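Below are the chains, spelled out letter by letter.
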Amino acid sequence: MPPKTTLWDLDDHSKGKHIVLQRYLNAWLPILSRYNGRLLIIDGFAGPGLYSNGHEGSPLIALEAAMKHRDKAVQDQEIVFYFIESDLKRLEHLETLIKERYPKLPANFKVDFIGGKFDETLTQLLDSIDDQKKHLAPCFAMIDPFGVSDTPMAIIQRLLGNRKAEVYISVMYEFINRFLASSEFGPHLDRLFGSDAWRGALDLENRSRKKEFLYNLYKKELKSAGAQHAIHFDLYNGNRHVYGIFFASQSWVGADRIKEAIWKVAPNGDFIFRGEHSDGLDLVNPDFRPLLGAIRQEFSGKGWVTPKDIAMFVGSDNTDYYSAQMKKNALKPLEQEGFLEVHPESVRSRRFTYKDDIKIKIS
């Protein structure tokens with residue numbers, strides 16, 4: 001249930017999503033800042049900006065990621081922040097907090113505080129852009145609701161219609177499961193998933209299979225809505241599953257960076273990255289054999305390829321690993337075991353090194 005107070009405590013298990021968010025924005029901002037005149041950062045459920053136990057909320061995390069970034073391109077980039085919050089007391093608290101912390105924002109940063117529901121506000125914003133026959137600037141949207149009623153797939157689809165838009169979404173499985181069989185709840189789930197295919201979960205009695213069905217369906221709907229890549233990880237309170245986080249993008253680099261953030265944070269956090277392609281993936285002492293198998297399955301018999309080709313595959317949502325793990329933990333073992341051949345005309349400074357442009361063959 002949503003809190004009734006203006007401020008509330010941030011649960012320990014929820015810190016993980018904020019740490020991953022911070023790491024990802026630190027990587028996303030310089031990449032997009034080099035090639036675009038303007039960036040949008042949207043927080044659809046902004047909250048008051050600060051929790052009662054002192055932890056910063058997502059608006060401050062996003063703003064400070066940009067303010068404190070050392071990359072010159074980020075410092076010079078025009079960035080527009082849309083902080084949307086339906087509770088006006090929380091919105092007022094957020095606005096006051098940011099103005100106290102940052103009495104003078106850089107001239108190239110603009111912050112809009114918008115009181116209203118996420119779906120209605122985004123619809124108005126996107127309609128306005130369409131009316132002006134403009135294109136949405138590269139956009140990162142954080143969507144972290146307390147329930148499901150204000151986050152329809154139709155809005156996600158409109159965002160993902162922009163090839164440089166990415167979304168970071170919380171999906172509250174426990175809330176969904178509690179009201180799954182309620183007839184009054186059905187229309188909300190129709191909008192959340194963008195179809196009534198979720199009703200297939202009603203016939204599943206096994207709790208794990210039901211969650212897997214609904215999460216796989218949500219990922220499928222994200223890809224139908226325009227995402228080329230969809231990544232998901234789960235947040236737990238002890239052994240109790242709380243909710244899942246989904247990341248959707250048209251860029252394999254975005255998928256790669258979010259997975260890297262998850263891998264680097266998860267071993268020290270109270271949350272678990274459930275590998276979709278390798279069951280029970282241990283991020284502390286990882287097993288890379290599934291990665292070797294995935295690369296062989298994808299590239300065996302396809303002739304000469306480059307390490308960059310393989311990196312794009314590994315970084316995408318086709319694996320649970322990220323591209324920086326590939327050379328040491330996959331290409332080197334494959335060559336040692338005789339499953340990787342280097343083209344005789346490819347020049348290497350030493351054995352077991354793999355520049356992006358050399359030619360290799362996987363068997």
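Preceding block: the structure.
As the structure is a computational prediction, the values presented were derived from the model and not from experiment.

Things to note about the environment of Thr-96
Consideration 1: Note that Thr-96 resides in helix α4 (residues 88-101).
Consideration 2: For Thr-96, a relative accessible area of 39% translates into the label partly exposed.
Consideration 3: Distance from Thr-96 to Glu-166, taken between C-alpha atoms, is 28 Å for residues 70 residues apart in sequence.

Some thoughts on the pattern of salt bridges
Where side chains of opposite charge bring their charged atoms close, a pairing between them can arise.
Consideration 1: In this structure the tally under the stated criterion is 19 salt bridges.
Consideration 2: Note that Lys-99 and Glu-95 form a salt bridge whose closest N and O atoms lie 2.8 Å from each other. In this pair, Lys-99 and Glu-95 both sit in helix α4, four residues apart, roughly one turn of the helix.
Consideration 3: Residues Glu-174 and Arg-207 are paired through a salt bridge, measuring 2.6 Å at the closest nitrogen-oxygen approach. With a gap of 33 residues between them, Glu-174 in helix α7 (residues 173-178) and Arg-207 in helix α9 (residues 207-224) connect regions that are remote in the sequence.
Consideration 4: Take Glu-174: its relative accessible area is 17%, and that puts it in the buried class.
Consideration 5: For Arg-207, a relative accessible area of 46% puts it in the partly exposed group.
Consideration 6: Within this structure, Glu-56, Glu-64, Lys-68 and Arg-101 form a network of salt bridges that share partners.

Focus: the sheet that holds strand β11 (residues 360-362)
Consideration 1: The sheet built from three strands is open, its strands ordered β9-β11-β10 with antiparallel pairing. A strand with exactly one partner marks an edge of an open sheet, and here the two such strands are β9 (304-305) and β10 (340-342).
Consideration 2: Sheet topology places β10 next to β11; three bridges connect them, and they run antiparallel. If you follow Glu-341 over to β11, its bridge partner there is Lys-361.
Consideration 3: Taken strand by strand, helix α13 (residues 326-336) contacts β10 and β11, and its axis lies near 90 degrees from that of β10.

Calculation rules
- Residues numbered from 1 in each chain as written.
- Predicted model: local features only at pLDDT ≥ 70, side-chain atom pairs only at ≥ 80, totals over all residues.
- Heavy atoms only, no water.
- Helix = DSSP H or I, 4+ residues; strand = E, 2+ residues; numbered from the N terminus.
- Buried < 20%, exposed > 50% of the residue type's maximum accessible area, 1.4 Å probe, protein only.
- Salt bridge = Lys/Arg side-chain N within 4 Å of Asp/Glu carboxyl O.
- Pairing = 2+ DSSP bridges.
- Contact = heavy atoms within 4.5 Å.
- Axes fitted to C-alpha atoms, helices over the stretch in contact; angles between N-to-C directions.

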